[in-house]
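This is what each chain is made of:
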Amino acid sequence: MKCIVFGLGNFGLALSQRLTKRGNEVLGVDSDISKINLYKDSITNTVALDVKNEQALQTLPLTEVDVVFVVFGKDFGTSLFVIALLKQFGVKRIVARAISPVHKVILKSMGVTETINPEWEYADFFATKVELGTTIDSYVVDDDHLIIEWEIPSRFIGRKLGDAKFEEEFGLKLIALKRYDAKIDKSLVMNNPSDETVFVEKDVFVLFGHPKNFRKLGIQVS
């Protein structure tokens, strides 16, 4: 995937570096030349320019990339200005950081349907992690549904998949089971595990359901 990231603050930098590490072609853009010099070796490409300069923006390959991220951390005005220009230039896909609920509403009114807020999203994840104790990762589907990777609690080790009864007892659906492979030092998704599959140490449940049902499971296994 080819992408441009506007704003190399803490989140923009982490996003650019992660995308680069995953093999994507990333162009990191910021007006601060010191950031460009500091991070140029960890991002595919970087460029310093005045993001409020229309002519400068037009020198970038805006319509040749798959997605453009606008992730300025605090500058509400710059975010809206850049997005307005990107829309004017015909950029195909824009993902924007919403600094506040009002900002999100404005972005939506501008036709930006993909928004992110790392603080809110991480707060949700961390709150869930603290509540459940053994959470590895989580994904918020909507306000009423989560997908959670949960390292196997000790009470499940030695039990069969068919006896776990996640749906009957907790209202949660097991959508995948990951098992640690010592040969490659990595957990892999098991293909179609049967009800006779016995849970072992380091197994990871991938569960789907309502937050209150995860809390119910968390209380019973704590």
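Values in this document were obtained by computation on a predicted structure and should not be read as measured data. (Residues numbered from 1 in each chain as written. Predicted model: local features only at pLDDT ≥ 70, side-chain atom pairs only at ≥ 80, totals over all residues. Heavy atoms only, no water.)

UniProt tags residues 4–118 as "domain: RCK N-terminal" (unreviewed entry). Its end C-alpha atoms 18 Å apart, residues 4–118 is made of 40% helix and 21% strand. (UniProt positions renumbered as here; feature names shortened; annotations may be inferred. Helix = DSSP H or I, 4+ residues; strand = E, 2+ residues; numbered from the N terminus.)

Turning to helix 1 (residues 10–21), a few remarks are in order. Helix length check: helix 1 (12 residues) gives 16 Å between terminal C-alpha atoms against 16 Å at 1.5 Å per residue, within 8%. For helix 1, every residue scored as buried is listed here: Gly12, Leu13, Leu15, Ser16 and Leu19. For helix 1, the angular spread of the buried residues around the axis is 165°, confining them to a single face. With respect to the buried face of helix 1, the exposed residues turned more than 90 degrees away are Asn10, Arg18 and Lys21. The inward-facing, buried residues of helix 1 contact strand 1 (2–6), strand 2 (25–30), helix 2 (33–39) and strand 4 (67–70). In the segment just after helix 1, Gly23 is the residue with positive phi, at about 95°. (Expected span 1.5 Å × (residues − 1). Buried < 20%, exposed > 50% of the residue type's maximum accessible area, 1.4 Å probe, protein only. Arc of directions from axis to C-beta. Contact = heavy atoms within 4.5 Å.)

All right, on to the side chain of Lys178 then. As for its placement among the helices and strands, Lys178 is situated in strand 9 (residues 173–181). On the accessibility criterion, Lys178 (18% relative accessible area) is buried. Reaching out from Lys178, the side chain makes a polar contact with the side chain of Glu149 at a distance of 3.3 Å. Setting aside chain neighbours within four positions, we find Lys178 in contact with Glu149, Ser187, Leu188, Val189, Lys202, Asp203, Val204 and Val206. (Polar contact = N/O pair within 3.5 Å; in protein donor to acceptor, adjacent residues only side chain to side chain.)

A separate point is the pattern of salt bridges. A side chain with one charge can pair with a side chain of the opposite charge if their charged atoms come near. In the structure shown here, the tally under the stated rule is six salt bridges. Here Arg93 makes a salt bridge to Glu114, at a shortest N to O gap of 2.7 Å. Here Glu114 lies in strand 6 (residues 114–116) and Arg93 lies in the loop between helix 4 (76–88) and strand 5 (94–97), a separation of 21 residues in the sequence. The salt bridge partner of Lys178 is Glu149, with a shortest N-O separation of 3.3 Å. Of this pair, Lys178 sits in strand 9 while Glu149 sits in strand 8 (residues 145–151); the two residues are 29 residues apart in sequence, bridging distant segments of the chain. By relative accessible area, Glu149 is classed as partly exposed at 22%. (Salt bridge = Lys/Arg side-chain N within 4 Å of Asp/Glu carboxyl O.)

Read from one edge of the open sheet, six strands run 3-2-1-4-5-6, paired in parallel fashion. Since the sheet does not close on itself, it has two edges, and those belong to strand 3 (45–48) and strand 6, each with one partner. Taken pair by pair, the neighbouring strands of this sheet meet at an average axis angle of 20°, ignoring direction. Here strand 4 pairs with strand 5 via three bridges, running parallel. Within strand 5, the residue paired with Phe69 across the bridge is Val95. The sheet contacts of helix 4 involve strand 1, strand 4 and strand 5, and relative to strand 4 the element is tilted by about 160°. (Pairing = 2+ DSSP bridges. Axes fitted to C-alpha atoms, helices over the stretch in contact; angles between N-to-C directions.)

Moving on, we come to the packing of helix 4 against helix 5 (residues 101–109). When two helices pack together, their arrangement is given by the angle between their axes and by how far apart the axes lie. Running from amino to carboxyl end, helix 4 crosses helix 5 at an angle of 10°, the nearest separation of the two axes being 11 Å. It follows from the interaxial angle that helix 4 and helix 5 lie roughly parallel. For the pair helix 4 and helix 5, contact is made by Phe76, Ser79, Leu80 and Ile83 and by His103, Ile106 and Leu107, respectively. Its residues assigned to classes, the contact of helix 4 with helix 5 shows five nonpolar, two polar and no charged. (Parallel < 35°, antiparallel > 145°, perpendicular 65-115°, else oblique. Nonpolar A, V, L, I, M, F, W, Y, C, P; charged D, E, K, R; others polar.)

For the rest of this paragraph, the subject is the nonpolar core. Phe6, Val70 and Leu86 are the most contacted members of the largest nonpolar core, which has 26 residues in total. With five residues, the single largest contributor to this core is helix 4. Not counting residues within four places of it along the chain, the set of residues in contact with Val70 comprises Phe6, Ser79, Val82, Ile83, Leu86, Ile94, Val95, Ala96 and Arg97. (Core = buried A, V, L, I, M, F, W, Y, C linked by side-chain atoms within 4.5 Å.)

Once that is clear, we can look at the pairing of strand 11 (residues 204–209). Counting buried positions along strand 11 yields five of six residues, so the element is predominantly enclosed. Note: strand 8 against strand 11, six bridges, orientation antiparallel. Residue pairing for strand 11: Leu146 is matched across the bridge by Gly209. By the bridge criterion, five bridges tie strand 9 to strand 11 in an arrangement that is antiparallel. Residue pairing in the sheet places Lys173 in a bridge with Phe208 of strand 11.

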